[in-house]
Amino acid sequence: MGGNSVWRMLVAVATWQLTAGQTNLLINPSFEDELSGSWQGNGFTFERVTTDAVDGTYSAKCSGRDRDVEGPLQQDIPFLKGRHYVFEGYAKLLNEKAGTIWQSYKVIVQMDLPDQANKQTYIIAYRAFVTKAQGWIRVNGSIEAPMKDPSNAKLSFRGPDPGVDFLVDDFKFYEVEENPFWRQEADANIENFRKANIALNVAIPSGVPAQDVDVEVSLKKHLFGFGAKIEEFELGLHPKTMYERIYNSWFNWATVQAYKWKFSKGERYDPDFSRATDATEVLLANGKTVRAHSILWDIKKNTPPWVIALRDDEVRPEISKHISYMMNLTKGKVAQWDVQNEHIHGHYYEERLQDPTISKNAYRQAKAEDPNGPVLYLNDFTCVTSGASTEDYYELAMEYLNEGVPVEGLGIQGHTKEFVKPDPTAMWRRLDRLAETGLDLMMTEFDIGWPDIAVRADWLEDSIRAFFGHPGLKGVIMWGFWNGSMRDPDHELVLGPNPNELTILESGERWACLTKKEWTTKETFNMATSPSPLSVRGFKGDYEVIVKVQSVPVQRETFTLGDGEAIVDIAVTDSNIPIELTEEEDFVPECISHREEAVVASATTSSLDEALTCRTVKSAPSGTAEDDAASVTCEADEVMTSCNSYHMLKQSDRKGEEMNLNAGGQMECTAYNGKSSISGSSKGKGKEGNPSENGKKKVPLRTNSRGPPGKDERGRVLKENVNGVRAVARCCKVAGLKCDYKTAGPSLVFKGAMAEARCSSDQFAFGCSAYQPFPDSNGVKPNDNVDGCLAQSGTQASSNSAERSGAYSYAACCSATSTLECMAVASSASKQRSGASAIAVCPDGFTMTGCNVFAADGKPAGAKIDVPRKTQKVTCKAYLGASLPRDAVGVKSYATCCRVAP
Ligand SMILES: *[C@@H]1O[C@H](CO)[C@@H](O)[C@H](O)[C@H]1NC(C)=O
Ligand SMILES: *[C@@H]1O[C@H](CO)[C@@H](O)[C@H](O)[C@H]1NC(C)=O
Ligand SMILES: *[C@@H]1O[C@H](CO)[C@@H](O)[C@H](O)[C@H]1NC(C)=O
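This one's a predicted model, so the numbers in the text were calculated from it and none came from an experiment. (Residues numbered from 1 in each chain as written. Chains lettered and ligands numbered in written order. Predicted model: local features only at pLDDT ≥ 70, side-chain atom pairs only at ≥ 80, totals over all residues. Heavy atoms only, no water.)

Overview of the site of ligand 3
1) Next: Around ligand 3 sit Asn 483, Gly 484, Leu 495, Gly 496 and Pro 497, and that is every residue in its neighbourhood.
2) Next: Contacts to ligand 3 include Asn 483, whose side-chain N or O atom sits 2.3 Å from an oxygen atom.
3) Next: Its free accessible area being 360 Å², ligand 3 has 43% of it covered by the protein chains.
4) Next: The residue inventory of the shell around ligand 3, partitioned by class, reads 2 nonpolar, 3 polar and no charged. (Near = heavy atom within 4 Å. Polar contact = N/O pair within 3.5 Å; in protein donor to acceptor, adjacent residues only side chain to side chain. Areas by Shrake-Rupley, 256 points an atom, 1.4 Å probe, with all protein chains shown as cover. Nonpolar A, V, L, I, M, F, W, Y, C, P; charged D, E, K, R; others polar.)

Some remarks on the pattern of salt bridges
1) Next: According to the stated counting rule, one finds 60 salt bridges in the structure shown.
2) Next: Residue Arg 268 is joined to Glu 318 by a salt bridge in which the shortest nitrogen-to-oxygen separation is 2.9 Å. Of this pair, Arg 268 sits in the loop between β13 (253–256) and α4 (274–285) while Glu 318 sits in helix α6 (residues 312–329), and the two are 50 residues apart along the sequence.
3) Next: Put simply, Arg 183, Asp 187, Asp 458, Glu 461, Asp 462, Arg 465, Glu 506, Arg 510, Glu 518 and Arg 595 are held in one network by salt bridges that share partners. (Salt bridge = Lys/Arg side-chain N within 4 Å of Asp/Glu carboxyl O. Helix = DSSP H or I, 4+ residues; strand = E, 2+ residues; numbered from the N terminus.)

Brief notes about the sheet that holds strand β39 (residues 788–792)
1) Next: Strand order in the open sheet made by the 4 strands is β27-β36-β39-β38, with mixed pairing throughout. Sheet topology places β27 (592–593) and β38 (780–782) at the edges, where each strand pairs with a single neighbour.
2) Next: Bridge analysis of β27 against strand β36 (residues 754–758) gives 2 bridges, and the strand direction is parallel. The partner of Ile 592 across the bridge, within β36, is Met 754. (Pairing = 2+ DSSP bridges.)

Brief notes about the UniProt feature "domain: GH10" (unreviewed entry) in the protein
1) Next: In the numbering used here, UniProt assigns the "domain: GH10" (unreviewed entry) feature to residues 209–531.
2) Next: Segment residues 209–531 splits into 36% helix and 22% strand. End C-alpha atoms: 15 Å apart. (UniProt positions renumbered as here; feature names shortened; annotations may be inferred.)

A short note on the state of the cysteines
Put plainly, a disulfide is one covalent bond tying together the sulfur atoms of two cysteines.
1) Next: The final tally for this structure, using the stated rule, is 10 disulfides.
2) Next: Covalent S-S linkage joins Cys 614 and Cys 732, the inter-sulfur distance amounting to 2.1 Å. Measuring handedness by torsion sign, the sulfur bridge of Cys 614 and Cys 732 sits at about 110° and is right-handed. In this pair, Cys 614 is assigned in strand β29 (residues 613–618) and Cys 732 in strand β34 (residues 725–733), connecting sequence segments 118 residues apart.
3) Next: Put simply, Cys 768 and Cys 789 are joined by a disulfide, and their sulfur atoms are 2.1 Å apart. Around the S-S axis, the bridge from Cys 768 to Cys 789 shows a dihedral of about -70° and counts as left-handed. (Disulfide = S-S within 2.5 Å.)

Some details on the domain arrangement of the protein
1) Next: By the assigned domains, the protein splits into domain 1 (2–176), domain 2 (223–518) and domain 3 (592–819).
2) Next: Centre-to-centre separation of domain 1 and domain 2, based on C-alpha positions: 29 Å.
3) Next: Domain 1 puts 34 residues into the contact, and the matching count from domain 2 is 38 residues.
4) Next: Between domain 1 and domain 2, a total of about 3000 Å² is buried, with carbon and sulfur atoms accounting for 59% of that surface.
5) Next: Where domain 1 packs against domain 2, one counts 3 salt bridges. (Domains from an automatic or database assignment. Contact = heavy atoms within 4.5 Å. Buried area = accessible area lost by both parts, 1.4 Å probe.)

Digging into the packing of aromatic side chains
1) Next: Here the structure, examined in full by the defined rule, presents 37 aromatic pairs.
2) Next: Taking the centre distance of 5.1 Å and the plane angle of 70° together, the rings of Phe 87 and Phe 171 count as edge-to-face. With Phe 87 in strand β4 (residues 84–93) and Phe 171 in strand β9 (residues 166–176), the pair connects residues that are 84 residues apart, well separated along the chain. Of the two residues, Phe 87 and Phe 171, neither departs from the other in class, the shared state being buried.
3) Next: Pairing Phe 157 with Phe 171 gives two aromatic rings, centres 5.4 Å apart and planes at 25°, and the pair type is stacked. With Phe 157 in strand β8 (residues 151–158) and Phe 171 in strand β9, this residue pair connects regions lying 14 residues apart in the sequence. The exposure classification of Phe 157 matches that of Phe 171, with both residues buried.
4) Next: By the ring-pair criterion, three or more aromatic residues cluster together here, those being Phe 224, Phe 226, Tyr 243, Tyr 247, Trp 250, Phe 251, Phe 468, Phe 481, Trp 482, Trp 511, Trp 519 and Phe 539.
5) Next: Above the face of the Phe 539 ring, Lys 195 is positioned so that its terminal group lies 4.9 Å from the ring centre.
6) Next: In this arrangement the basic side chain of Arg 275 is found over the ring face of Phe 233, its NZ or CZ atom lying 4.0 Å from the centre. (Phe/Tyr/Trp six-rings, centres within 6.5 Å; stacked < 30°, edge-to-face > 60°. Buried < 20%, exposed > 50% of the residue type's maximum accessible area, 1.4 Å probe, protein only. Lys NZ or Arg CZ within 6 Å of the ring centre and 35° of its normal.)

What follows is the structure in structure tokens.
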């Protein structure tokens, strides 16, 4: 808490207000003109009145209502696929209904969607707890339109019980923009708020040479909750189910929902929550943090039937007994309790007993039962992944706080509305509003769905990145991860018929790669070459330190990194007895993203040649400045099948290359120079104030400026212009040759993360390209079936989020009139010395259509296609651009070799 005001200033987003430049999308929004032609009021008395208005002369009165859905309605409002909208308006209750405490207002948009038989309803604003005494109140909320084309959209205002009259006025409905820089801001927040500094003082016993001692520091458990609702019955079995093993690997928190009252196996005099408590014991034994869900649930159908059957005067004491029982049952075991669930959307106990204080008193009692115990949460929906109840939740929390009710956290359900792409900007804005309460925030029930699994993975990644990047949140709990235990289809991370037969989907891979690879800390220090104390900036959480002497692990220490710096003293043991290390299961050893996979262009040849022939074209060298580019194209009757590049001085300062259409509509292979490590060359440009937009790559400067002459490592002045990159294309023809140029990316942002551009089933990837704005590219290789290209991200050199990125992959996906056969030939890895090379050639009868360099451990200088005079064979030769440690893997060259099937 407390720190909220500090970070709030960092979140730079425009205000959500109807400003002069924006259009109110409603007609006659303040009811100043005749209602007919703009508003409809079907089945009730709908009229303009002058007695009471928020603005102007008129408001609209709704009376004679006999259904709660009756209220003003406007047809044919603009509501476009994937856009973001805000509603604001005012309403005033004119009478109450006997026997009810509260009324509610609801603003909805209904529409037709392609492939959906029924009209779809999206709630844009909701207010519960409405009373006549409040007079005019503001009703506001926001929404994202679905990623399908809506038609016939209409907006209506409704909600109060039949017989209740109300006035409405001053409606606004307008579009708001996404913040294109959300990703950089999220990454910057992650760097600032999710990490802290570690100083390790390592004392080595006398007689042990420092160079014999290696210290390995690694994060074991994030402080931030990356959790899941678990299937209680699948835990603690022998042997462990695959479900539990994946859970243990991917998640540090769990929600146990079998604490719900209805889940008790007993009734009034014999409660039995053993399903929940047994699962809790297993989770705690595995080092997980548990949140318990939920003591009460303010909705009748979710209340045990025997409670519903009690006499009214028995209900209050029974609630009290239940709260005592549950708080005692979980004492010392759970970190958070949802005391009342979905109170905004249900008031079963309050309305039944006509007592507005029941939920408030539940919090008071729960706190009194265990004052230093779990953090007490409210838990509700449509507050952050959509915005109908954000304002209501804020108001409810403020009312509790003002009355001293001990609510300590706001649980945010986050079941994303169907077909809605997450909008990090809107989610942050809603989180900001809830954070103004000063309460802890927890995304307690997140799930998101889309049938295309690569798109689902991107949506999941964007959401999780936005959540981790919002400093007000304490964690995100997935509402299940296996399709066997999820509410909706197409939301799962793993798929399978039973807990031992599970397939990990790209959405699951993305979760694991993001939370365990992009966002993790693992550093190794040799004590002879490292400064003292050892300094690490790491993710907050629980750490392990392994000390190795002569590569033998002899000591294990642990510490926790919280908000402040952790200063850790380690006295290295003089024992040389090896300790046993526990290997963590890694279910996702390779992280491959297919983000934004798309065809960027296509090309064909008019050639009628029966044989496949190719030639190589090379560009002139690029300039010497960072982002200087060099391009080549093929002849009109040729098709570009590959695009690679190399550095003139065999340096690794390259950003790779791209296959794109140029302004003249021709395919072009463009290579980009990196940030030179050679002194005297001009500095990078176009960086400051030009962060890439929304995770898209920044458009590199396509200048051909020639920098001043550089100097090499030994200080020799280099000839002008030799310090740049050359683009190299293969230009091929054969009858009917057609290539689609596919892209994908960026990959995640860590060394080894990959982006894959995939071909369709009737195509081969004739050649590949890789581009990475920061840091230098690690190159690209064809995948195992030669029907896609894998570009790998390099080690990130900067902690500045505007200078970090993943890799982009390009594939030339080709087919021809005749059946083709293709294979990829990989060289063995080069030596680790700077300038070392690796050569691949095609088998006899095959033509080289592509040549690429791939450097598993980085520093490639590119690949050249040559025809050595001696052999007269086309070779693909890859170079290493800087020396690597002895245990690293050098560069490999990959030749793609195709022929017309004999
Ligand atoms: C509280 O729980 C403990 C252990 O579960 C139990 O022994 C004790 O009887 C409980 N106390 C009350 C008042 O329910
Ligand atoms: C509702 O409107 C008020 C006043 O303009 C604003 O402070 C608040 O942030 C809005 N709430 C939401 C959820 O947009
Ligand atoms: C989960 O997916 C598997 C594999 O497609 C299927 O066999 C199973 O029936 C699904 N489970 C549920 C509950 O839908």
